[in-house]
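Structural characterization, general
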Amino acid sequence: LVLVVDFGAQYAQLIARRVREANVYSEIVPHTMPLEEMLAKQPKAIILSGGPSSVYEPGAPQLDPQIVESDVPLFGICYGFMAMAQALGGQVARTGQREYGRTRVSVLDRGTLLQGLPEELVSWMSHGDEVVAAPEGFRVNAKSPRATVAAFEDTGRRLAGVQWHPEVLHSEHGQQILERFLVDIAGCRQTWTSVNIVDEQVEKIRAEVGDARVICGLSGGVDSAVAAALVQRAIGDQLTCVFVDHGLLREGEAEQVEQDFVAATGVDLKVVDAAERFLGHLAGVADPEEKRKIIGREFIRVFEQAEREVVEAAPEGQPVRFLVQGTLYPDVVESGGGEGAANIKSHHNVGGLPEDLEFGLIEPLRTLFKDEVREVGRQLGLPAGIVNRHPFPGPGLAIRIVGAVDADRLRILRAADAIVREETTAAGLDAEIWQFPVVLLADVRSVGVQGDGRTYGHPIVLRPVTSEDAMTADWGRLPYDVLEQISTRITNEVDEVNRVVLDVTSKPPGTIEWE
Ligand code: XMP
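The rules we used
- Residues numbered from 1 in each chain as written.
- Predicted model: local features only at pLDDT ≥ 70, side-chain atom pairs only at ≥ 80, totals over all residues.
- UniProt positions renumbered as here; feature names shortened; annotations may be inferred.
- Helix = DSSP H or I, 4+ residues; strand = E, 2+ residues; numbered from the N terminus.
- Contact = placed C-beta atoms within 7 Å.
- Buried ≥ 20, exposed ≤ 12 C-beta atoms within 10 Å, placed from the backbone.
- Pairing = 2+ DSSP bridges.
- Right-handed = clockwise from strand over helix to strand, strands pointing away.
- Axes fitted to C-alpha atoms, helices over the stretch in contact; angles between N-to-C directions.
- Expected span 1.5 Å × (residues − 1).
- Arc of directions from axis to C-beta.

As annotated in an unreviewed UniProt entry, the protein carries the name GMP synthase [glutamine-hydrolyzing] and comes from Aeromicrobium phragmitis. Regarding the protein, the UniProt comment filed under Pathway (unreviewed entry) reads as follows: "Purine metabolism; GMP biosynthesis; GMP from XMP (L-Gln route): step 1/1." The record held by UniProt for the protein lists under Subunit (unreviewed entry) the comment "Homodimer."

Time to look at unusual backbone geometry. Following Lys507, the chain continues to Pro508 via a peptide bond in cis, the omega torsion being -10°. By the secondary structure assignment, Pro508 is in the segment after strand E23 (497-502).

It is worth spelling out the UniProt feature "binding site: ATP" (unreviewed entry) in the protein at this point. Mapped onto this numbering, the UniProt entry gives "binding site: ATP" (unreviewed entry) at Ser219, Gly220, Gly221, Val222, Asp223, Ser224 and Ala225. Here Val222 is to be found in helix H6 (residues 222-235). When residues no more than four places from it in sequence are discounted, the contact partners of Val222 are Val373, Arg374, Gly377, Ile386, Val387 and Arg389. By the secondary structure assignment, Ala225 is in helix H6. Residue classification places Ala225 among the buried residues on the basis of 30 C-beta atoms within 10 Å.

Looking now at the pairing of strand E2 (residues 26-30). Strand direction decides the pairing type here: strand E1 (residues 2-6) and E2, joined by five bridges, are parallel. Pairing of Asp6 across the sheet is with Pro30, part of E2. As a crossover connection, the stretch from E1 through helix H1 (residues 11-21) into E2 is right-handed.

Counting through the fold element by element, Gly428 comes out in the loop between helix H13 (407-426) and strand E18 (438-441). Distance from Gly428 to Ala227, taken between C-alpha atoms, is 27 Å for residues 201 residues apart in sequence.

If you trace the nine strands from one edge of the open sheet to the other, you get E2-E1-E3-E4-E11-E10-E9-E6-E7, paired in mixed fashion. Every interior strand has two partners, whereas the edge strands, E2 and strand E7 (120-127), have only one. Pairs of neighbouring strands in the sheet enclose a mean axial angle of 30°, with direction left out of account. Direction of pairing for strand E10 (residues 147-154) relative to strand E11 (residues 159-162): antiparallel, over a ladder of four bridges. Its bridge partner being in E11, Ala151 is matched across the sheet by Val162.

Note on helix geometry: an α-helix contains 3.6 residues per turn, so any two residues three or four positions apart are oriented the same way. In a regular helix each residue adds 1.5 Å, so twelve residues correspond to 16 Å; helix H4 (residues 174-185) covers 16 Å between its end C-alpha atoms and thus fits that length. Along H4, the residues that are buried comprise Gly174, Ile177, Leu178, Glu179, Arg180, Phe181, Leu182 and Ile185. Tucked inside the fold, the buried residues of H4 contact E1, H1, strand E3 (45-48), strand E4 (74-77), E10 and E11. Just past H4, the residue Gly187 takes up positive phi, approximately 75°.

Over its 16 residues, helix H5 (residues 194-209) extends 22 Å from the first C-alpha to the last, a length consistent with the 22 Å expected when each residue adds 1.5 Å. The set of residues buried in H5 consists of Ile197, Gln201 and Ile205. Seen end-on, H5 carries its buried residues on one side only, within an arc spanning 55°. With respect to the buried face of H5, the exposed residues turned more than 90 degrees away are Val195, Asp199, Glu203 and Ala207. Packed against the buried residues of H5 are H6, strand E16 (360-362) and helix H11 (370-379). Positive backbone phi, approximately 60°, marks Gly210, located one or two places after H5.

As structure tokens, then:
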């Protein structure tokens, strides 16, 4: 276990992810956690993250100086680097001169940390102070135009740090530097792999569940599918999955759950086809929030009914005692908050399951990041179509039809969306795109011409976005030939559509979805 101490910037999660990418397990803790509590977790190393740009800033979080006496290997990043320098008796000068963004770092002495690296590195900086003298016993590895000491190490005491942010993509060799610290300086073993995650979780779930029965709701998304597959691996047919098909999924998605997922896992699946019911309640409703409310409400009703049926069908002496949820680590970090880490995201997850006190919760993905969840899904043999699926909103296509939802409009949007997915997958763009909503402007018509005739059809909006976490997003710069192919195919193959437009708005000010 490596602890990443969060000093309140947005970098802690990224650092924790990079540590995991080095196959070392990591957890984020708030800087307010008392040192004894951190040490009680018996970390193999502690990483001090970035934070405010100056250690002199009023209210800047303090580093418990005892930490450097604790014998645990330490790695300071940015603010953590300066705080460490100060605590160890180095000299930090308040220059007020900011070094921000892309910076060239010159390697002075590679030592262990910068082993095998070139003489200059492009690195991402964000600091106002400067370490002017390394603490005693330290070797200075690098400098930058505004940092006399930009990296240092004391391999004897297993301490090191860098002024820049090795965790961000723009910092060259960042991952390598982190690994040099983790492996060569701190002596961590690289055993955190998806095989081990599966084994560990399977054992844990078995121990927790015993003979009881377990329910899991499937949404069609990655998280619930992987959570269910893990539990299935652990306890086999003690698990029943419930899939409420609200009729608002994209083409082929319900089948993927009902057939491919079942074939891959052998899970006992109860499908509730509630499409008619949802369409009935949505009839004539155009307001987005109203749509969300209706779908959320009906979803809970249908799910609870199915849940009761599963409970009643349970064999004598084997009551249903647990509910599986696909909660991920970022949700835990963000809602647990911890001081400093702003509570950014209010989860508007439709189908947020009813709080049922009769059930215990099983959350096998609670410690995992999204990319790890995908890896575990692959490890468990889930179909690529599910494992690689982009995030998809709970209310589904209902909030991608601007206007009232009906079966005909769903059919049109499904057809257009299927073409978009086929073409982006064929062009190999899935991994670059975060999400690609396809939107039907159902109440808008425009004039077109096809063959010899005038048409009066609906526009389809393409909304490809890139993002790290859906909090902010940029519009995806798709190659023109892919856009052209999509446009040609949609207008040729979907009769009701005679115009395809591209949304070039970032978030903010636009949201990812149109509703
Ligand atoms: P926006 O449109 O707010 O979307 O930029 C951010 C992320 O949330 C998803 N989204 C939803 N997910 N229920 C959900 O489960 C919803 O009502 C909902 N609305 C938006 C959206 O797809 C994106 O990933």
